[in-house]
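Notes for the structure review
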Amino acid sequence: FEVTHYVAYDIAINKEKIQKFPDLMRVLSKNREGKSLLELGDTLKRPELAKTLELVMERGADAIYTGNLAQQIVKDIQNAGGIITESDLANYRPVVRDPLISRDVFGFTMIGP
């Protein structure tokens, strides 16, 4: 998608933080070379996300919790300082709850987690 004013602004003001994470820097850089960050009007492409979504489409949610994708998720999180393990993902069970609904917030119905 095209980088809007809002996205360009967020990238610019968070440049130092983004540069601390090589994978994020690659995602948010021109031509994915990891050097110059995207600017207004550039195109942001997410080929890894596309592959992930295709895998989930083919294998279902288990693709996220087990297998190669789960291993990559754990690796990425741990490389960023997180403590999640493959076992954490494999044993995770989502909890479905009714949403909180607040009516008539400036004329809108707001729904949240």
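For the structure, check the block above.
Bear in mind the structure is a predicted one, so any value in this text is a computation, not a measurement.

With 10 residues, the main nonpolar core is built from V3, A8, I11, I18, M25, V27, L28, L37, L38 and L44. When contributions to this core are tallied by element, the ones reaching two or more residues are α1 (5–13) and α3 (22–27). Not counting the four nearest positions on each side in its chain, L37 is found in contact with I11, K15, I18, M25, L28, S29, K30 and D42.

Let us look at the environment of Q78. The residue Q78 is located in helix α6 (residues 67–79) in this model. For the pair Q78 and P94, spaced 16 residues apart in sequence, the C-alpha to C-alpha distance is 21 Å. In this structure Q78 touches I84 and T85, once residues within four positions along its chain are discounted. Of note is the side chain of Q78, whose polar atom sits 2.7 Å from the backbone oxygen of I84.

A separate point is a nonpolar patch on the surface. On the surface, F106, F108 and M110 cluster together into a nonpolar patch covering about 420 Å² of accessible area. Positionally, F106 belongs in the loop between β1 (100–105) and β2 (108–112).

Inspection of the secondary structure puts D42 in the loop between α3 and α4 (47–59). At 2.7 Å, the side chain of D42 and the backbone nitrogen of E39 are in polar contact. For D42, the residues in contact, after removing those within four places along its chain, are F1, E2, V3, K30 and L37.

What follows deals with the environment of V7. Mapping V7 onto the fold places it in helix α1. In sequence terms V7 and S36 are 29 residues apart; their C-alpha atoms lie 15 Å from each other.

To continue, consider the pairing of β2. Where β1 and β2 come together, four bridges link them in antiparallel fashion. Each residue of the ladder has a partner; that of V105, found in β2, is F108. In textbook terms, the turn of a hairpin is the stretch between consecutive antiparallel strands, and for β1 and β2 this stretch comprises two residues, one of which, F106, has a positive phi near 55 degrees.

Calculation criteria
- Residues numbered from 1 in each chain as written.
- Predicted model: local features only at pLDDT ≥ 70, side-chain atom pairs only at ≥ 80, totals over all residues.
- Heavy atoms only, no water.
- Core = buried A, V, L, I, M, F, W, Y, C linked by side-chain atoms within 4.5 Å.
- Buried < 20%, exposed > 50% of the residue type's maximum accessible area, 1.4 Å probe, protein only.
- Helix = DSSP H or I, 4+ residues; strand = E, 2+ residues; numbered from the N terminus.
- Contact = heavy atoms within 4.5 Å.
- Polar contact = N/O pair within 3.5 Å; in protein donor to acceptor, adjacent residues only side chain to side chain.
- Patch = residues over 30% accessible without salt bridge, like charges linked within 9 Å, V, L, I, M, F, W, Y side chains within 5 Å.
- Areas by Shrake-Rupley, 256 points an atom, 1.4 Å probe, with all protein chains shown as cover.
- Salt bridge = Lys/Arg side-chain N within 4 Å of Asp/Glu carboxyl O.
- Pairing = 2+ DSSP bridges.

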